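These are the residues of each chain, in order.
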Amino acid sequence: MAEMYYNICDVVKFKIIDKQKTLVDRIVGDPFQEYENYLSESILDDTDIDFVVKIVDRIERRDNTYILDDKYYIDEGYICTKDFYKIAKWEIEVIKTGGKLTVSIVPNMAARLFISGFFIDFIIQYVLTQKDYSIVHSSAVSKNGQSYLFSGRGGSGKTSIAIRLISSNRDFKFMGDDFIIIKDGQSIPYFTPLNLFSYNISPFLAGKFKANQKFTFSLKKLLYRLTLGYAKFFTKLNPKHNFPELLSIDAEISRIFIIIPTNQNDLVEAKITRISKSEVIEYLTNNLKMDSRYFPKYFIQYGFLFPNDAFSKFWRDYKDNLTSNLPSGVDYYSIELPMSLSWTRLIDQIERGVLL
């Protein structure tokens, strides 16, 4: 059994108890690698911990609960259900006691791969929301104490833009490529490993690989070619390990860009349009909703019986926090990216805040 403590920016503290940890993780990967930069070297006091995640072999479901749709077992401060995604299957139990959460999960081997993305990420988002912080699905960079955020769906280009900026020799610093924490107009870095595929890695990042990473990356690249693109294996690159000299500290938000798909096949330059703060809040909220697969569904079921609980009001609280935490005196833009573009021109537009 493994027991690990995590501390994210002294705001969210949690513990993971893994009673299933086996040598299989060496093959499929550590399901908690996303949080390795926040692993605590010391044991955290239970009174300071916001939530506990237990990976267990079985769950003793609570008796005398309400049953919804023949699969959701619900009581005040309690949710239990079984669910699946493709071949990944799990049972999950959520218990809220005095504002603190205990989440027990019984995953099959495939489901272990999704524990962080499907469950822990959203619990972190929930805890941040309860503490009046915001978290957005975005990459970000900073320069001279000012930050630039790029929010979009997976594959929209938010990571590519951030990497282009920090490799442009213009003194940009990296803040994260997946999530960014926001409080009172300040952006707080959230460093998680980058997931890099052999077919779209930039030369800058390829040059940051350690020797062992170069070998495994080359092997995955060969498998990708041999299977004609069917086998897509990513390689993780931890910014704290691979380019620590380019990492940022907290920075004041200067500009936020919402990357949206384009329906203009003949688009040859980035199309940047000024938008309002209220539009940005809607984009950011919907982006996080689309990125959150399962917990919101459980909260909706719970809200049918307990509509005034914090579980049920999560999205309302999330939007309220964005309204408070996003400054009004900054520039908000939507941006459409063509298939190929002039990166130098785009970097100029981002840095100057001028629609060139």
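Calculation rules
- Residues numbered from 1 in each chain as written.
- Predicted model: local features only at pLDDT ≥ 70, side-chain atom pairs only at ≥ 80, totals over all residues.
- Heavy atoms only, no water.
- Axes fitted to C-alpha atoms, helices over the stretch in contact; angles between N-to-C directions.
- Helix = DSSP H or I, 4+ residues; strand = E, 2+ residues; numbered from the N terminus.
- Parallel < 35°, antiparallel > 145°, perpendicular 65-115°, else oblique.
- Contact = heavy atoms within 4.5 Å.
- Nonpolar A, V, L, I, M, F, W, Y, C, P; charged D, E, K, R; others polar.
- 1 Å grid on protein atoms, 1.4 Å probe; cavity = no way out; pocket = protein on both sides within 12 Å on 5 of 7 lines; lining within 4 Å.
- Points joined across faces, edges and corners; volume = space filled by probe spheres on them.
- Pairing = 2+ DSSP bridges.
- Domains from an automatic or database assignment.
- Buried area = accessible area lost by both parts, 1.4 Å probe.
- Salt bridge = Lys/Arg side-chain N within 4 Å of Asp/Glu carboxyl O.
- Polar contact = N/O pair within 3.5 Å; in protein donor to acceptor, adjacent residues only side chain to side chain.

Asker: Can you walk me through the packing of helix H2 (residues 115–130) against helix H8 (residues 295–305) in this structure?
Answerer: If you want to describe how two helices pack, look at the angle between their axes and the distance between the axes. Running from amino to carboxyl end, H2 crosses H8 at an angle of 60°, the nearest separation of the two axes being 10 Å. When the axes of H2 and H8 are compared, the pair comes out oblique. Residues Phe 118, Phe 119, Phe 122, Ile 123 and Tyr 126 of H2 form the contact with H8, whose own contacting residues are Phe 295, Pro 296 and Phe 299. Here the contact of H2 with H8 is built from residues that sort into eight nonpolar, no polar and no charged.

Asker: Is there a simple way to explain empty space enclosed by the protein in this structure?
Answerer: Across all of its chains, the model carries two cavities of 30 Å³ or more by this definition. What the largest cavity holds in volume is close to 40 Å³. Along the walls of the largest cavity sit Val 268, Glu 269, Ala 270, Leu 341, Ser 342, Arg 345, Leu 346 and Gln 349, which together make up its complete lining. Within the lining of the largest cavity, the residues separate by chemical class into four nonpolar, two polar and two charged. For the second largest cavity, the calculated volume is near 40 Å³. Of the residues forming the lining of the second largest cavity, the biggest block, four residues, is contributed by H2.

Asker: Help me understand the sheet that holds strand E4 (residues 66–68) in this model?
Answerer: Working definition: the strands of a sheet are paired by backbone hydrogen bonds and lie parallel or antiparallel to each other. In space, the eight strands of this open sheet follow the order E1-E2-E3-E8-E7-E6-E5-E4, with mixed pairing throughout. Either end of the sheet is taken by a strand with one partner, and the two such strands are strand E1 (2–8) and E4. Ignoring which end each strand starts from, the neighbouring axes of this sheet average 20° apart. Sheet topology places strand E6 (residues 78–85) next to strand E7 (residues 88–97); eight bridges connect them, and they run antiparallel. Paired with Cys 80 across the two strands is Glu 93, which belongs to E7. Each of E1, strand E2 (12–18), strand E3 (51–55), E6, E7 and strand E8 (100–107) is contacted by H2, which is oriented at about 165° to E3, the strand it contacts most.

Asker: Could you clarify how one ought to interpret the domain arrangement of the chain in this entry?
Answerer: Interfaces are often sized by the accessible area lost when the parts come together. Domain assignment breaks the chain into domain 1 (2–130) and domain 2 (136–193 + 238–291 + 298–352). Distance between the C-alpha centres of domain 1 and domain 2: 26 Å. Domain 1 puts 33 residues into the contact, and the matching count from domain 2 is 27 residues. Interface area lost by domain 1 to domain 2 is led by Asn 37, Ile 79 and Thr 129, which between them contribute 21%. Scanning the region where domain 1 abuts domain 2 turns up one salt bridge. Asp 309 is the salt-bridge partner of Lys 96, the closest N and O atoms lying 2.6 Å from each other. Linking domain 1 with domain 2 are ten residue pairs in polar contact (both at pLDDT 80 or more), by the criterion used here. The set of elements that each furnish at least two residues to the side of domain 1 that touches domain 2 consists of E4, strand E5 (72–75), E6, E7 and H2. When residues of the side of domain 1 that touches domain 2 are assigned to their parent elements, the largest contribution, eight residues, is made by H2. Tallied by class, residues from the side of domain 1 that touches domain 2 come to 18 nonpolar, seven polar and eight charged.

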